[in-house]
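One-letter residues, chain by chain:
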Amino acid sequence: MNTSRLVGAAAALGVVTVVLAGCVAKADVAASDALTVTSTADGCAVSGSSATSGTLAFDVTNSGDEVTEFYLLADDGLRIVGEVENIAPGASRTLTVVAQPGDYFTLCKPGMIGDGVGRAGFSVSGDTVAIDGPDAEQKQQAVDLYAAFVKDQVGQLVPAVDAFVAAYESGDDAAAQAQFPQVRAFYERIEPVAEALGDLDPRIDYREVDAVAEGLDWTGFHRIEKDLWVPAQDALNADGETPAWQDWAPSTAEERASYGDQLITDVQELYDYVHSAEFQTALDAQGVAGISNGAIALLDEVATGKISGEEDWWSGTDLSDFAANVEGSKMAFSLVSDFAASKGDEGATLVDEIDAGYADLEASLAAHGSLTDGFVGYSQLTEADKREFTDLINALAEPLSQLTVTVLE
C-alpha cells in the first residue's frame, strides 16, 4: 500500500444495474409464489431456476448443522443483488428482492465463510422495472448491499489466507506464490474498510519502506511476499535507494510461523469488524456519499501505487491488485449511478462518461491478462503500456471526481 491513500468506503463488482430490495413499485409476492431454498452442508436447492422480473421472494430453510447464508448474485458471480444471513440450523428466513431481467446465480454459504456451495444459474425474464420508491429507502438499500458485499469478500478472504499461510509456513513457496495475487484480490476490492481501522491496514498491507518510515514492525502480505520472491543481493527496495538486504534476511521457519499466524489473526480481526454493529453504523453514517467516495478512493489506489509498480515490488503482481481495485471502484460507482443519472441531463452524461471510462480501462487491462488466469508481470509492461494506463486512469478520474457532489445534489 501507499501511505497517501485516501480513506473511504468501497465495494462490490459488476456492470449490470444494481437491484435494490424493496425499492421498486411492484405488487408484493404472495406466499404461494415464493421460491423455496433448502440449504445443507453441501447443497443449495432452489425450487426454480427462473422467474419474471419484479419482486421475488426466496424462503430459505437451513437443513444443515451450521449457521448459513443465501445469496442472489449477478451474472459476474460476485456482485450481491440480495442476501439473507445468520440463518440458524432448523430456522427459515425470507429474502425479498426486486430483480430486473437478466442472468443471476443462487448460492448458499454454510458456516458463512468460503466460496459457498450449490452455485446455480437463475434467469429473470420480462420487462425492466422502473425505480420509484422513496429516495431515502433506495439509498439505504445501496448502503446495505455494500455492507453485504464487504462481508462476502472478507468471508472469502479468511479461508484463502488460511490456505496461503499454510503453504508459506510449510515452505511450499511455489503454491504460496501462485495463491498470492488471488488471495490479495479479496482484500484489494474492499481495502478502504481496513484502512479506516487505524493500524490494521498497516499490519496487513504496508510495504517495507512505509513501515520503516513510520517506525512500525513490518508484517503482513508484503513481508511474506519478500520471503517468497527473495531479491538479488544487489537489488534496491521500492524507494529506489535502500539496499534490499539492509536490515533484512529471509525468514527462518519460526519467523515464517510468526508472520503467517499474525496475518491470520489480523484478517480475523477484519472479519469480526465487518460483521459488527459498529461497521453498519459507520456505513449508515456515511450513506451513499461514502460509497461514491469509495469509488474515487479505489481508483486513487491504482494511481498512487499499482501503476508505478511499487505495490508488489518483489512479485511483480501489481496488475492483479490494479484489476481488483478497479473492480471495487466500478461496483461502488454502480451502487450510486442511478442517483447521479436522475439529476437531469448533466447527471446522465456524467454516468455515461464514467461507464465509458471503466470500459476503456478494463479493455486495456484485459490485453495483459485477467484475475482468473493471471496477468503478465509488471516488468513486462512497456513504457507505452504504462502511459496508456496512466492516460486512461486520468480520463476516468476527472468525471469520477464529480460523482459524489452529483449524487448529493
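Everything below is about the structure printed above this text.
First, a word on scope: everything that follows refers to the structure included in this document. What you see is a predicted model, and the numbers here were worked out from it, not measured in a lab. (Residues numbered from 1 in each chain as written. Predicted model: local features only at pLDDT ≥ 70, side-chain atom pairs only at ≥ 80, totals over all residues. Heavy atoms only, no water.)

### Points about the overall build of the protein
Line of reasoning, step 1. The helix and strand inventory of the protein stands at 12 helices and 11 strands.
Line of reasoning, step 2. Within the protein, the proportion of its 409 residues that are buried is 54%.
Line of reasoning, step 3. The long-range fraction of contacts in the protein, counting pairs at least 24 apart against all pairs at least 6 apart in sequence, stands at 74%.
Line of reasoning, step 4. Here the protein contributes 20 positively and 70 negatively charged side chains, and the mean placements of these two sets differ by 1 Å. (Helix = DSSP H or I, 4+ residues; strand = E, 2+ residues; numbered from the N terminus. Buried < 20%, exposed > 50% of the residue type's maximum accessible area, 1.4 Å probe, protein only. Contact = heavy atoms within 4.5 Å. Lys, Arg positive; Asp, Glu negative; His and termini not counted. Charge placed at Lys NZ, Arg CZ, Asp CG, Glu CD.)

### Quick word on the sheet that holds strand β5 (residues 68–73)
Strand pairing within a sheet occurs via backbone hydrogen bonds; the two strands may be parallel or antiparallel.
Line of reasoning, step 1. Read across the sheet, 5 strands follow the order β3-β9-β8-β5-β6 without closing on themselves; strand pairing throughout is mixed. On the outer flanks of this sheet lie β3 (50–52) and β6 (80–87), each paired with one strand and no other. Put simply, the sheet's adjacent strands are angled 20° from each other on average, direction ignored.
Line of reasoning, step 2. Pairing of β5 with β6 involves 5 bridges; the strand directions are antiparallel. By the bridge assignment for β6, Y71 is matched with E83.
Line of reasoning, step 3. Contacts between helix α1 (residues 135–170) and the sheet are confined to β5 and β6, with β6 contributing the most and set at about 65° to the helix. (Pairing = 2+ DSSP bridges. Axes fitted to C-alpha atoms, helices over the stretch in contact; angles between N-to-C directions.)

### Comments concerning the environment of E241
Line of reasoning, step 1. Relative to the assigned elements, E241 resides in the loop between α6 (221–228) and α7 (253–274).
Line of reasoning, step 2. With relative accessibility at 65%, the residue E241 sits in the exposed group.
Line of reasoning, step 3. It is 30 Å that separates the C-alpha atoms of E241 and L365, two residues lying 124 residues apart in sequence.

### Comments concerning the nonpolar core
Line of reasoning, step 1. Residues F164, F221, L263, L270, F322 and L361 are the most contacted members of the largest nonpolar core, which totals 86 residues.
Line of reasoning, step 2. In terms of residue count, the dominant contributor to this core is α1 (17 residues).
Line of reasoning, step 3. In this structure, F322 is in contact with V302, K306, I307, L361, L365, F389 and I393, ignoring residues within four places of it in sequence.
Line of reasoning, step 4. Listed in part, the 21 residues of the second largest apolar core include V60, F70, L95 and V117. (Core = buried A, V, L, I, M, F, W, Y, C linked by side-chain atoms within 4.5 Å.)

### A short note on the state of the cysteines
Line of reasoning, step 1. In this structure the tally under the stated criterion is 1 disulfide.
Line of reasoning, step 2. Two residues share a disulfide in this structure: C44 and C108, whose sulfurs sit 2.0 Å from each other. With the S-S dihedral at roughly 55°, the linkage between C44 and C108 falls on the right-handed side. Residue C44 is located in strand β2 (residues 44–46), and its partner C108 is located in strand β8 (residues 102–108); the two are separated by 64 residues in the primary sequence. The burial state of C44 is the same as that of C108; both residues are buried. (Disulfide = S-S within 2.5 Å.)

### Remarks on unusual backbone geometry
Line of reasoning, step 1. In this structure, N86 takes a positive phi of about 55° despite not being glycine.
Line of reasoning, step 2. Tracing the backbone shows N86 in strand β6.
Line of reasoning, step 3. One non-glycine residue, M112, lies in the positive phi region at around 65°.
Line of reasoning, step 4. Mapping M112 onto the fold places it in the loop between β8 and β9 (117–125).
Line of reasoning, step 5. Judged by its relative accessible area of 14%, M112 falls in the buried class.

### Quick word on the sheet that holds strand β1 (residues 35–39)
Line of reasoning, step 1. What the 4 strands build is an open sheet, ordered β2-β1-β4-β7; its pairing is mixed. Every other strand in the sheet has two partners, leaving β2 and β7 (92–99) as the edge strands with one partner each. Looking at each pair of strands side by side, their axes are set apart by 20° on average, direction ignored.
Line of reasoning, step 2. The pairing of β1 with β2 spans 3 bridges and is classified as antiparallel. Counted as the bridge partner of T38 is A45 from β2.

### Let's talk about helix α2 (residues 173–189)
Line of reasoning, step 1. With 17 residues, α2 ought to run about 24 Å at 1.5 Å a step, and its terminal C-alpha atoms sit 25 Å apart, in line with that.
Line of reasoning, step 2. At F180, α2 shows its strongest bend, of approximately 40°, with the proline P181 following within four residues.
Line of reasoning, step 3. Taken residue by residue, α2 has A176, F180, P181, V183, R184, A185, F186, Y187, E188 and R189 as its buried positions. (Expected span 1.5 Å × (residues − 1). Bend = angle between axes of the 7 residues up to and from the residue.)

### Section: a negative patch on the surface
Line of reasoning, step 1. Negative charge collects at one region of the surface, where D352, E353, D355 and E398 lie side by side.
Line of reasoning, step 2. The element best represented in the negative patch is helix α10 (residues 345–366), accounting for 3 residues.
Line of reasoning, step 3. Along the chain, the position of D355 falls in helix α10.
Line of reasoning, step 4. Overall, the relative accessible area of 39% leaves D355 in the partly exposed class. (Patch = residues over 30% accessible without salt bridge, like charges linked within 9 Å, V, L, I, M, F, W, Y side chains within 5 Å. Areas by Shrake-Rupley, 256 points an atom, 1.4 Å probe, with all protein chains shown as cover. Salt bridge = Lys/Arg side-chain N within 4 Å of Asp/Glu carboxyl O.)

### Examining the packing of helix α8 (residues 277–306) against helix α9 (residues 318–341)
Line of reasoning, step 1. The geometry of α8 relative to α9 is characterised by a closest axis approach of 8 Å and an angle of 160° between their N-to-C directions. Between α8 and α9, the interaxial angle falls into the category roughly antiparallel. In terms of crossing hand, the pair formed by α8 and α9 is left-handed. Across the interface between the two elements, V288, I291, S292, G294, A295, L298, L299, E301, V302 and K306 of α8 pack against D318, D321, F322, N325, V326, G328, S329, A332, F333, L335, V336 and F339 of α9.
Line of reasoning, step 2. Of the residues belonging to the contact of α8 with α9, the class tally is 13 nonpolar, 5 polar and 4 charged. (Parallel < 35°, antiparallel > 145°, perpendicular 65-115°, else oblique. Left-handed = near helix turned anticlockwise from the far one by under 90°. Nonpolar A, V, L, I, M, F, W, Y, C, P; charged D, E, K, R; others polar.)

### Thoughts on the pattern of salt bridges
Line of reasoning, step 1. Scanning all chains against the criterion turns up 21 salt bridges.
Line of reasoning, step 2. R184 serves as the salt-bridge partner of E188, at 2.7 Å between the closest nitrogen and oxygen. Of the two residues, E188 and R184 are both situated in helix α2; the distance of 4 residues between them amounts to about one turn of the helix.
Line of reasoning, step 3. Judged by its relative accessible area of 0%, R184 is buried.
Line of reasoning, step 4. Connected through salt bridges with shared partners, the residues R184, E188, E191, D205, E301, K306, E311, D312 and D321 form a single ionic network.

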